[in-house]
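Coordinates in review
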Amino acid sequence: MRGGAVVRWRDGRGELVVLRPDGGVSARVPLEIAASYRARTRGLLGRDALEGALLLSPANSIHTFRMRMPIDVAYLDRRLRVLAVRTMPPGRLGRPRVRARHVVEAEAGAMAGWGLGVGAVVEVRALR
């Protein structure tokens, strides 16, 4: 789903679709959706690896305290456009992004391989 509509997802699984500027698809990535307070709080804590990505929504900042691995973090606005991408080692506090409404997390280095950078637009397809 994309566009200006307010989006409310439920905890579960889906697919993150990274769009190219020409409208084509750069990557399709397995996605875990953390929309409840409990799921967002748990996030990637205690994991050694992640296949695909984790969407935290709503969220505009994250931390990597008690994480076991460095992660890539993409901050998305309400239209699912990437505002910033950072790689964060364990034990750090990310500063809040004013216009961010959602955060995508993945293993460090993964986002570059998907073509996910500042200005990119994504779609989130929840599995039913």
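These lines cover the structure that appears in this document, whether it is placed above or below. Just so you know, these numbers come straight off a predicted model, no measurement behind them. (Residues numbered from 1 in each chain as written. Predicted model: local features only at pLDDT ≥ 70, side-chain atom pairs only at ≥ 80, totals over all residues. Heavy atoms only, no water.)

1. What to know about the overall build of the protein chain
Helix and strand counts for the protein chain stand at 2 helices and 7 strands. Over its C-alpha atoms the protein chain spans a radius of gyration of 13 Å, differing by no more than 12% from the 14 Å that the globule rule assigns to 128 residues. When the backbone C-alpha atoms are referred to their principal axes, the protein chain occupies close to 40 × 30 × 25 Å. Of all intrachain contacts in the protein chain linking residues separated by at least 6 positions in sequence, the fraction that spans at least 24 positions is 58%. With an accessible surface of roughly 7,200 Å², the protein chain has 50% of that area assigned to carbon and sulfur atoms. Side-chain charges of the protein chain comprise 23 positive and 11 negative groups, with the mean position of each set lying 8 Å from the other. (Helix = DSSP H or I, 4+ residues; strand = E, 2+ residues; numbered from the N terminus. Rg over C-alpha atoms; globule rule 2.2 N^0.38 Å. Contact = heavy atoms within 4.5 Å. Areas by Shrake-Rupley, 256 points an atom, 1.4 Å probe, with all protein chains shown as cover. Lys, Arg positive; Asp, Glu negative; His and termini not counted. Charge placed at Lys NZ, Arg CZ, Asp CG, Glu CD.)

2. A short note on unusual backbone geometry
Cis peptide bonds are those with omega within 30 degrees of zero, and the linkage from Ser57 to Pro58 qualifies with 0 degrees. Phi at Arg66 is positive, roughly 65 degrees, even though this residue is not glycine. Looking at where Arg66 falls in the secondary structure, it is placed in the loop between β3 (53–56) and β4 (71–76).

3. Some words on the packing of aromatic side chains
With the rule as written, the count across this model stands at 0 aromatic pairs. In this arrangement the basic side chain of Arg97 is found over the ring face of Tyr75, its NZ or CZ atom lying 4.9 Å from the centre. (Phe/Tyr/Trp six-rings, centres within 6.5 Å; stacked < 30°, edge-to-face > 60°. Lys NZ or Arg CZ within 6 Å of the ring centre and 35° of its normal.)

4. Overview of the pairing of strand β6 (residues 102–107)
Each regular strand carries side chains that alternate between the two faces of the sheet. With 5 of its 6 residues buried, β6 lies for the most part within the structure. The pairing of β4 with β6 spans 6 bridges and is antiparallel. Bridging across to β6, Leu76 finds its partner in His102. (Buried < 20%, exposed > 50% of the residue type's maximum accessible area, 1.4 Å probe, protein only. Pairing = 2+ DSSP bridges.)

5. Topic: the nonpolar core
In this structure, Leu16, Ala53, Leu55, Val104, Trp114, Leu116 and Val124 are the most contacted members of the largest nonpolar core, which totals 23 residues. Of all the elements in the fold, those that place two or more residues in this core are β1 (12–19), β2 (25–34), β3, β4, β6, α2 (110–114) and β7 (121–126). At 4 residues, β2 tops the list of elements feeding residues into this core. With residues up to four places along the chain from it excluded, the contact list for Val104 reads Leu16, Ala53, Leu54, Leu55, Asp72, Val73, Ala74, Leu76 and Met111. Of all hydrophobic cores here, the second largest spans 17 residues; its members include Ile71, Tyr75, Met88 and Val103. (Core = buried A, V, L, I, M, F, W, Y, C linked by side-chain atoms within 4.5 Å.)

By themselves these figures say nothing about function.
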